[in-house]
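# Tertiary structure, described
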Amino acid sequence: GQLLICRDRANANYTIQPSTYTFAVGDATLASGLVAKLQLFFSIDVEQFGAVLGDDNVDDTTAYLNALARSVLMGGVEVFFNGQGIVNQTLFLEHNQTLTGGCPSRTTSTHGSSRILVNHSSGPGVHIRGENCTVKNFMLLGSSSRKSGARGSNYGLLIEPPDVAGGGGQMR
């Protein structure tokens, strides 16, 4: 199909699909009614899903959630970001998912420059609830509203392995 490049979505590549194609998270519907499939290979950039990293006035939650949902559809490819994003609800990692902040091997930024600012006070910032998940190269920060919120389940990172029949679940 015809290739389209969307400059507003980190120069994401799309291809026009036949009418029989089933829309997936991250795809675009054009004014003509045609569907353009987002071209992803080995990793997903949250900016391809609309994140505006570094803008403290923009909620990036939907971009992170949609990027993670598309990762699940693709069998768990890496979701990465380079900069600071703001989330207003928990990000869940399912089986075989990786959430990676920018690092020198991927970008020219300094190591540790990627951050997720958690701006809610109900539950963890990132919740790993699947097997074979990885988080790396970023910091989780709590906003002032989070720091003053309820404490009980207010973890930055919650790792909760899936239950296994017979109680044999392990964390490695």
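Every chain's residues receive numbers from 1 upward, in the order its sequence appears when written. Where totals are concerned, whole chains, interfaces and linings use all residues; where local detail is concerned, this predicted model gives features only for residues with pLDDT of at least 70, and gives and counts side-chain atom pairs only at 80 or more. Water and hydrogen atoms were dropped before computing side-chain values, which therefore reflect all heavy atoms in the structure.

### Some thoughts on the nonpolar core
Nonpolar side chains in soluble globular proteins generally cluster together in the buried interior. Grouping buried Ala, Val, Leu, Ile, Met, Phe, Trp, Tyr and Cys residues that are joined through side-chain atoms within 4.5 Å yields what is termed a nonpolar core. Think of it in three bands: residues with accessible area under 20% of the maximum for their type are buried, residues over 50% are exposed, and the middle band is partly exposed, with areas taken using a 1.4 Å probe on protein chains only. Membership of the largest hydrophobic core comes to 27 residues, with the highest contact counts inside it found for Val-46, Tyr-64, Phe-81, Leu-99 and Ile-116. Helix and strand assignments follow DSSP, with helices taken as H or I runs no shorter than four residues and strands as E runs no shorter than two, numbered in order from the N terminus. Contributing elements (two or more residues each) for this core: β2 (12-16), β4 (35-38), α1 (61-73), β6 (78-81), β8 (91-93), β10 (115-118) and β11 (126-128). Residue contributions to this core peak at 4 residues, all from α1. Note on contacts: a residue pair qualifies if any of its non-hydrogen atoms lie within 4.5 Å across the two residues. Excluding residues that lie within four positions of it along the chain, Val-46 makes contacts with Ala-51, Leu-53, Ala-63, Tyr-64, Ala-67, Val-79, Phe-80 and Phe-81.

### Considerations on the environment of Val-72
Tracing the chain through its elements places Val-72 in helix α1. Exposure remark for Val-72: the relative accessible area of 41% places this residue in the partly exposed category. Each C-alpha atom of the pair Val-72 and Gln-97 lies 7.4 Å from the other, and the pair is 25 residues apart in sequence. When neighbours within four sequence positions are excluded, Val-72 is seen to be in contact with Glu-94 and Gln-97.

### As for the confidence of the model for the protein
Low pLDDT means the predicted coordinates in that region are not meant to be read closely. A residue's pLDDT is the confidence the predictor assigns to it, expressed on a 0 to 100 scale. Averaged over every residue, the pLDDT of the protein is 83; residues scoring 70 or more account for 83%. Below pLDDT 50 for its whole length, residues 167-172 participates in 4 contacts with residues either more than four positions away or in separate chains.

### Observations regarding the packing of aromatic side chains
Pairing of aromatic rings covers Phe, Tyr and the six-membered ring of Trp, with a centre-to-centre limit of 6.5 Å; geometry is then stacked below 30 degrees between planes, edge-to-face above 60, and tilted otherwise. Evaluated as defined, the whole model comprises 2 aromatic pairs. Arranged with centres 5.5 Å apart and planes meeting at 70°, the rings of Tyr-64 and Phe-81 form a pair that is edge-to-face. Taken together, the positions of Tyr-64 in helix α1 and Phe-81 in strand β6 put the pair 17 residues apart, joining distant regions of the chain. This pair shows no difference in class: Tyr-64 is buried, exactly as Phe-81 is. Lysine NZ or arginine CZ positioned within 6 Å of the ring centre and within 35 degrees of the ring normal marks a charge as sitting over the ring. Seen from the ring of Phe-92, Arg-129 lies directly overhead, with NZ or CZ sitting 3.9 Å from the centre.

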